[in-house]
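The residues making up each chain are set out below.
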Amino acid sequence: MIHENGGPEVMRLDEIAVPDPGPGELLVEVVAAGVNFIDTYLRSGLYPTPLPFTLGKEGAGRVLAAGDGVDGVAEGDLVAWSMGDGAYAEHAIVPARLVVRVPDGVDPQLAAAVMLQGMTAHFLSTSIVPLEEGDTALVHAGAGGVGLLLTRMLVRRGVRVLTTAGSSEKAELSRGAGAAEVLDYDDFATAARDLTDGRGVRIVFDGVGAATFDSGLDALQPRGMFVLFGAASGPVPPFDPQVLNAKGSLMLTRPSLGHFIADRAELEQRAGEVLGAVAEGWLDVRIGATYPLADAAVAHEDLEGRRTTGKLLLLP
Ligand code: NDP
């Protein structure tokens, strides 16, 4: 739980009574909690939230009890979710409308690992603009949690993917996920242009933010789409829209997963496709590291310190 905003050290293990689920809620025994960048924004106060607060948007586990009015999920079911609160715990209260059943044959740890970053990669690759075979995309942080999954999903659609990565080990992982070329952060816009006969890429997926935003605009072809979906290096400062005109009638969007799974049918469809891809085996989910719950602060330090690849899980 956090009682104040700040660095990773503000997270501490608290002993509290196991809560009862209210109407529409489930009490879940957490098998694994996903660590996501948004947890660091909530912890630091970049995204303000009332305190005290138990972090953890994402998890998977077994339903121990269902509150009044819950339909379609019962005690004993294995469920997973990406938009709850309080998953960094042994037990979590999760609104039933946010969970999906973990399909038979999918390891609940993998389900916890793929809900948030997997559905993010899913909406980014399918629901921003219609991407066609032969389009070129640039994906920043290609060896990260979203980066690896997004690369695999784009490549499966026939898109040529260029990525950036912060080390040679990360570059190797990104290539393994299907990246055609891995570029240096220092000169990625020039390299992306060189690799597209001077034209630029059709779409940039940028979860790095402040450090890559300006150059990313230079990597785009006329009428290209800039998808700013995160701020791992810090938020992008205020921006003059006229720049989009000057650089070639570019488009800019700042999407969030919540708006792409707000509707129950859309959540079920996206989660079904992502978990189905895991079950079929073509969506390889890299679990870069697991940590005991008590080491949540170490997980945050590693994530913010660029020392991680793929997904981080807390195992209560
Ligand atoms: P990652 O596993 O991708 O970790 C972040 C990576 O960003 C690092 O490993 C590092 O890779 C790169 N990076 C570059 N500069 C920095 C920096 N200064 N500090 C830290 N990292 C840096 O994290 P996630 O997959 O969890 O998330 C990626 C991004 O996607 C985040 O910005 C997150 O907020 C966003 N996101 C947005 C969602 C949405 O709905 N909009 C949903 C899910 C995630 P390298 O060393 O290779 O550069």
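I will try to describe carefully the structure that is included in this document. (Residues numbered from 1 in each chain as written. Predicted model: local features only at pLDDT ≥ 70, side-chain atom pairs only at ≥ 80, totals over all residues. Heavy atoms only, no water.)

### Things to note about the pattern of salt bridges
Tallied over the entire structure, the rule returns 12 salt bridges. For the salt bridge of Arg 202 with Asp 135, the shortest nitrogen-to-oxygen distance reads 3.8 Å. With a gap of 67 residues between them, Arg 202 in strand 9 (residues 201–206) and Asp 135 in the loop between helix 2 (108–126) and strand 6 (136–139) connect regions that are remote in the sequence. The pair formed by Arg 202 and Asp 135 is uniform in burial state, with each residue classed as buried. (Salt bridge = Lys/Arg side-chain N within 4 Å of Asp/Glu carboxyl O. Helix = DSSP H or I, 4+ residues; strand = E, 2+ residues; numbered from the N terminus. Buried < 20%, exposed > 50% of the residue type's maximum accessible area, 1.4 Å probe, protein only.)

### Quick word on the side chain of Thr 136
Looking at the element boundaries, Thr 136 is found in strand 6. Taking relative accessible area as the criterion, Thr 136 reaches 8% and is therefore assigned buried. Reaching out from Thr 136, the side chain makes a polar contact with the side chain of Arg 160 at a distance of 3.5 Å. (Polar contact = N/O pair within 3.5 Å; in protein donor to acceptor, adjacent residues only side chain to side chain.)

### Here we look at the packing of aromatic side chains
Following the criterion strictly, the structure yields five aromatic pairs and no others. With 5.1 Å between their ring centres and 55° between their planes, Tyr 41 and Tyr 47 make a pair best called tilted. Given a relative accessible area of 9%, Tyr 41 falls into the buried group. The exposure class assigned to Tyr 47 is partly exposed, which follows from its relative accessible area of 30%. Here Phe 123 and Phe 260 contribute two aromatic rings whose centre-to-centre distance is 4.1 Å and whose plane-to-plane angle is 15°, an arrangement assigned as stacked. Linking Phe 123 in helix 2 with Phe 260 in the loop between strand 11 (251–253) and helix 8 (264–280), this pair joins segments that are 137 residues apart in sequence. What makes Phe 260 buried here is its relative accessible area of 16%. (Phe/Tyr/Trp six-rings, centres within 6.5 Å; stacked < 30°, edge-to-face > 60°.)

### Details of the site of the ligand
Near the ligand lie 29 residues; those nearest to it are Gly 166, Lys 170, Tyr 185, Gly 207 and Leu 257. At 2.9 Å, a side-chain N or O of Gln 117 approaches an oxygen atom of the ligand. Protein coverage of the free-state accessible area of the ligand, which is 900 Å², stands at 91%. Elements with a contribution of two residues or more to the shell around the ligand: helix 1 (37–44), helix 2, helix 3 (145–156) and helix 9 (296–304). The element contributing the most residues to the shell around the ligand is helix 2, with three residues. (Near = heavy atom within 4 Å. Areas by Shrake-Rupley, 256 points an atom, 1.4 Å probe, with all protein chains shown as cover.)

### Regarding a negative patch on the surface
Among the surface-exposed residues, Asp 184, Asp 186, Asp 187 and Asp 194 lie close enough to one another that they form a single negatively charged patch. Within the element layout of this structure, Asp 184 appears in the loop between strand 8 (181–183) and helix 5 (188–194). (Patch = residues over 30% accessible without salt bridge, like charges linked within 9 Å, V, L, I, M, F, W, Y side chains within 5 Å. Lys, Arg positive; Asp, Glu negative; His and termini not counted. Charge placed at Lys NZ, Arg CZ, Asp CG, Glu CD.)

### Considerations on the pairing of strand 2 (residues 58–66)
A regular strand places its side chains so that they alternate between the two faces of the sheet. As defined by bridge partners, strand 1 (residues 25–35) adjoins strand 2 across eight bridges and the pair is classed as antiparallel. Looking across to strand 2, one finds that Ala 33 is bridged to Gly 59. Both strand 2 and strand 3 (residues 78–81) contribute to a ladder of four bridges, which runs antiparallel. By the bridge assignment, Ala 60 is partnered in strand 3 with Ala 80. (Pairing = 2+ DSSP bridges.)

### Observations concerning the environment of Pro 222
Within the secondary structure, Pro 222 sits in strand 10 (residues 220–228). On the basis of relative accessible area, Pro 222 is assigned to the partly exposed category, the value being 45%. Pro 222 sits 117 residues away from Gly 105 along the chain, and the two C-alpha atoms are 45 Å apart. Not counting residues within four places of it along the chain, the set of residues in contact with Pro 222 comprises Arg 199 and Gly 248. (Contact = heavy atoms within 4.5 Å.)

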